[in-house]
Amino acid sequence: MDEKNKKIKKPRGVARLISGKCIACGGRCEATCPKGCIKMEDNGEPIIETKDCIGCGKCVKICPSEAIEMYLTPEELELLKQWEAQKAAGGKVEEAEELTEEEAAILAKISAYKGVWVYVEHTGGQAATVSWELLGVGAELAKTLGVELCAVVIGDNVEHLCKEAFYYGASKAYLVDDPVFHNYRTESYYKSVCYLVEKYKPEILLTGATGLGRDVAGAVATRLLTGLTADCTGLAIDDKRFLLQTRPAFGGNIMATIVTERTRPQMSTVRPHVMPMPERDATLSGEIIRESSPVREEDILTKVLEVIDDRREGADAIDVAAAEVIVSGGRGMLNEENFGILQELADELGGVVGCSRAAVEAGFMPLERQVGQTGKTVRPKIYIACAISGAIQHLVGMQDSDVIIAINRDRSAAIFEVATYGIVGDVFKVVPFITSRLKELRCKKAS
Ligand SMILES: Cc1cc2nc3c(=O)[nH]c(=O)nc-3n(C[C@H](O)[C@H](O)[C@H](O)COP(=O)(O)OP(=O)(O)OC[C@H]3O[C@@H](n4cnc5c(N)ncnc54)[C@H](O)[C@@H]3O)c2cc1C
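These numbers come from a predicted model, not from an experiment.

## Things to note about the domain arrangement of the chain
Here is step 1 of the chain: Taken domain by domain, the chain consists of domain 1 (8-100), domain 2 (116-299) and domain 3 (314-446).
Here is step 2 of the chain: Of note, the centres of domain 1 and domain 3, computed from C-alpha atoms alone, are 62 Å apart.

## Quick notes on the site of the ligand
Here is step 1 of the chain: Taken together, the neighbourhood of the ligand is formed by 29 residues, with Gly330, Gly332, Arg357, Ala358 and Gly372 sitting nearest.
Here is step 2 of the chain: When residues of the shell around the ligand are traced back to their parent elements, those giving at least two are α10 (357-361), α11 (392-398), β22 (403-408) and α13 (427-446).
Here is step 3 of the chain: Within the shell around the ligand, the residues separate by chemical class into 9 nonpolar, 15 polar and 5 charged.

## A few points about α13
Turn by turn, an α-helix covers 3.6 residues, leaving residues three or four places apart pointing in a common direction.
Here is step 1 of the chain: Taking 1.5 Å as the rise per residue, α13 with 20 residues should run 28 Å; its terminal C-alpha atoms sit 28 Å apart, in good agreement.
Here is step 2 of the chain: Inspection of α13 places Val427, Val431, Ile434 and Thr435 among the buried residues, and these make up the whole buried set. Projected down its long axis, α13 shows its buried positions confined to an angular sector of 95°, all on one face. Exposed residues on α13 whose side chains face more than 90 degrees from its buried face are Lys429, Phe433, Arg437, Glu440, Cys443 and Lys444.
Here is step 3 of the chain: Buried residues in α13 make contact with α9 (339-349), β21 (382-386) and β22.

## Quick notes on the sheet that holds β21
Here is step 1 of the chain: One open sheet holds the 5 strands; their spatial order is β20-β19-β21-β22-β23, and the pairing between them is parallel. Looking at strand neighbours, the two that pair on one side only are β20 (352-355) and β23 (421-424), the edges of this open sheet. With strand direction ignored, the average angle separating the axes of adjacent strands in the sheet is 20°.
Here is step 2 of the chain: Bridge count for strand β19 (residues 325-329) against β21 is 5 bridges, and the pairing is parallel. Among the inter-strand pairings, Ser328 is bridged to a residue of β21, identified as Ala385.
Here is step 3 of the chain: Contacts between α9 and the sheet are confined to β19, β20 and β21, with β19 contributing the most and set at about 170° to the helix.
Here is step 4 of the chain: The strands touched by α13 are β21, β22 and β23; relative to β22, the strand with the most contacts, the crossing angle is about 135°.

## What about the pairing of β21?
Here is step 1 of the chain: Counting buried positions along β21 yields 4 of 5 residues, so the element is predominantly enclosed.
Here is step 2 of the chain: Assessed by its sense of winding, the connection that carries the chain from β21 through α11 to β22 is right-handed.

## Side note on the nonpolar core
Here is step 1 of the chain: Grouped together as the largest cluster of nonpolar side chains are 51 residues, with contacts concentrated most on Val118, Ala151, Val152, Val153, Ala165 and Ala170.
Here is step 2 of the chain: A total of 7 residues in this core trace back to one element, the largest contributor, which is helix α5 (residues 129-145).
Here is step 3 of the chain: Ignoring sequence-local partners within four residues, the contact set of Val153 consists of Val120, Val158, Leu161, Cys162, Ala165, Ala173, Tyr174 and Leu175.
Here is step 4 of the chain: Counting 37 residues, the second largest nonpolar core, distinct from the first, contains Val352, Phe364, Met365 and Ala387.

Reading the values: the criteria
- Each chain carries its own residue numbering, running from 1 in the written order of its sequence.
- The predicted nature of this model means local features are confined to residues of pLDDT at least 70 and side-chain atom pairs, given and counted, to a pLDDT of 80 or more, with totals for whole chains, interfaces and linings taken over all residues.
- Here the bounds of each domain stem from an automatic or database domain assignment.
- Working rule for contacts: place C-beta from the backbone, and if it is within 6 Å of a molecule or strand, that residue counts as near it.
- Under the scheme used here, helices are H or I runs from DSSP no shorter than 4 residues and strands are E runs no shorter than 2 residues, and both carry numbers assigned from the N terminus.
- Polar here means any residue other than Ala, Val, Leu, Ile, Met, Phe, Trp, Tyr, Cys and Pro, which are nonpolar, and Asp, Glu, Lys and Arg, which are charged; Gly is therefore polar.
- Here, expected helix span is obtained from the residue count minus one, scaled by 1.5 Å.
- For every residue, the other C-beta atoms within 10 Å of its own C-beta are counted; 20 or more classify it as buried, 12 or fewer as exposed, and values in between as partly exposed. C-beta atoms are placed from the backbone.
- The directions considered for the arc are those from the helix axis to the C-beta atoms.
- Each residue gets a C-beta atom placed from its backbone, and two residues are in contact if those atoms lie within 7 Å.
- For two strands to pair, DSSP has to find at least two bridges joining them.
- To obtain each axis, a line is fitted to C-alpha atoms, and for helices this fit is confined to the stretch in contact; angles are then taken between N-to-C directions over 0 to 180 degrees.
- With the strands pointing away from the viewer, any crossover whose connection runs clockwise from the first strand over the helix to the second is right-handed.
- The term nonpolar core means buried Ala, Val, Leu, Ile, Met, Phe, Trp, Tyr and Cys residues held together as one set by C-beta atoms within 7 Å.

Below you can see the structure in the form of structure tokens.
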């Protein structure tokens with residue numbers, strides 16, 4: 001936004017005491033200040049901490065001897081000049097509307113929350129990499145806000161995860177380590193997160209949009225009566241310190257930016273591979289804040305009798321999201337057998353085969369291989385899109401790949417808009433040609 005179009009808000013001013021007028025009424029101004037920035041001296045007169053004053057004017061109104069007035073600081077006077085000039089020039093300006101009781105109370109409540117927290121998800125002490133990705137974006141948010149980046153680690157024998165969180169940028173870790181957390185159960189985990197949030201009051205809490213992350217985040221947000229934006233693809237801070245949470249909406253056709261204005265913490269989930277992985281620096285360290293478990297085994301209704309590993313064997317065991325090279329096929333592959341040519345190319349490149357939703361719906365490929373909004377989000381080094389048109393719901397799942405190669409016979413296909421290299425041609429000719437050329441090069445290199 002250029003300077004001229006930037007909306008200037010009219011400054012409200014801050015409160016100050018008029019010397020000699022206070023009648024020491026008993027601290028009405030102190031009691032009414034929503035930000036707690038008025039303290040009474042021994043002689044019954046107030047000291048007003050202007051640094052935290054929001055200019056709501058409540059103390060001015062309640063003072064029985066008109067001993068408090070609003071005044072503009074030099075910075076605010078300068079802002080007022082700009083405001084008046086912009087208004088005179090017909091530019092955008094915002095009036096300094098008076099805060100209602102309710103608004104002032106909300107402002108006072110939310111300003112008590114500070115810091116960016118990342119929930120460190122793990123299975124049996126092994127961290128989900130999405131947690132480290134979140135520490136990467138969390139560090140940027142914390143830097144913009146000028147606050148601490150902290151990790152939340154809950155589990156049984158999981159102190160090592162605090163250290164790992166420091167290597168990825170956290171400066172503090174809240175640790176609740178107890179046998180009651182040996183297996184994940186919604187009740188024990190969400191109650192512990194709520195306990196920590198209520199005690200330490202973070203302004204932002206990020207969790208991975210995985211099965212476990214979604215489960216715990218949903219329960220925490222419900223209990224704390226705060227907002228939760230699921231599957232965010234972008235996170236940033238605005239000039240009012242609100243977290244801007246961007247995610248696809250209406251079937252992925254628009255991107256919506258959501259703000260949690262009235263409650264804290266602001267909660268978001270982010271899918272794995274949406275945010276880049278930060279550098280791991282094993283020289284970094286931080287402070288561990290240990291808390292004893294706020295839940296007891298006898299208070300938890302759910303008991304874990306047995307853990308059954310449902311990880312599949314064979315083709316379905318392939319994790320598209322973790323692959324460095326993906327050769328993906330769309331509806332234009334026509335049938336399941338034709339995906340064989342994509343498998344050959346993937347084998348040659350040491351990669352895996354992915355697909356579009358249309359290919360899943362046509363029964364060419366299993367759901368586990370689907371890339372996109374309702375499939376996996378991927379960020380490989382190379383993504384080769386074969387006979388995929390490039391619908392927005394597919395693009396949101398792969399557009400952050402390092403190199404995108406698109407093969408499509410329709411030169412106006414949307415996939416070319418995100419492609420690093422585009423090949424206009426018949427996939428059944430282009431793909432086998434590339435594969436045989438790669439084989440040739442490999443044989444030449446070996447001989
Ligand atoms: C709520 C919602 C969620 C969705 N989630 C996802 C998702 O997660 N992932 C996803 O992929 N989609 C998703 N979709 C569907 C998405 O909108 C598209 O319908 C889908 O991506 C299209 O798949 P496609 O590109 O394979 O097929 P098509 O759009 O039919 O494109 C086929 C392409 O193949 C090309 N082609 C055909 N034959 C050849 C050939 N011989 N050689 C070269 N090119 C050829 C054509 O030119 C065409 O561009 C979602 C939709 C909705 C509404």
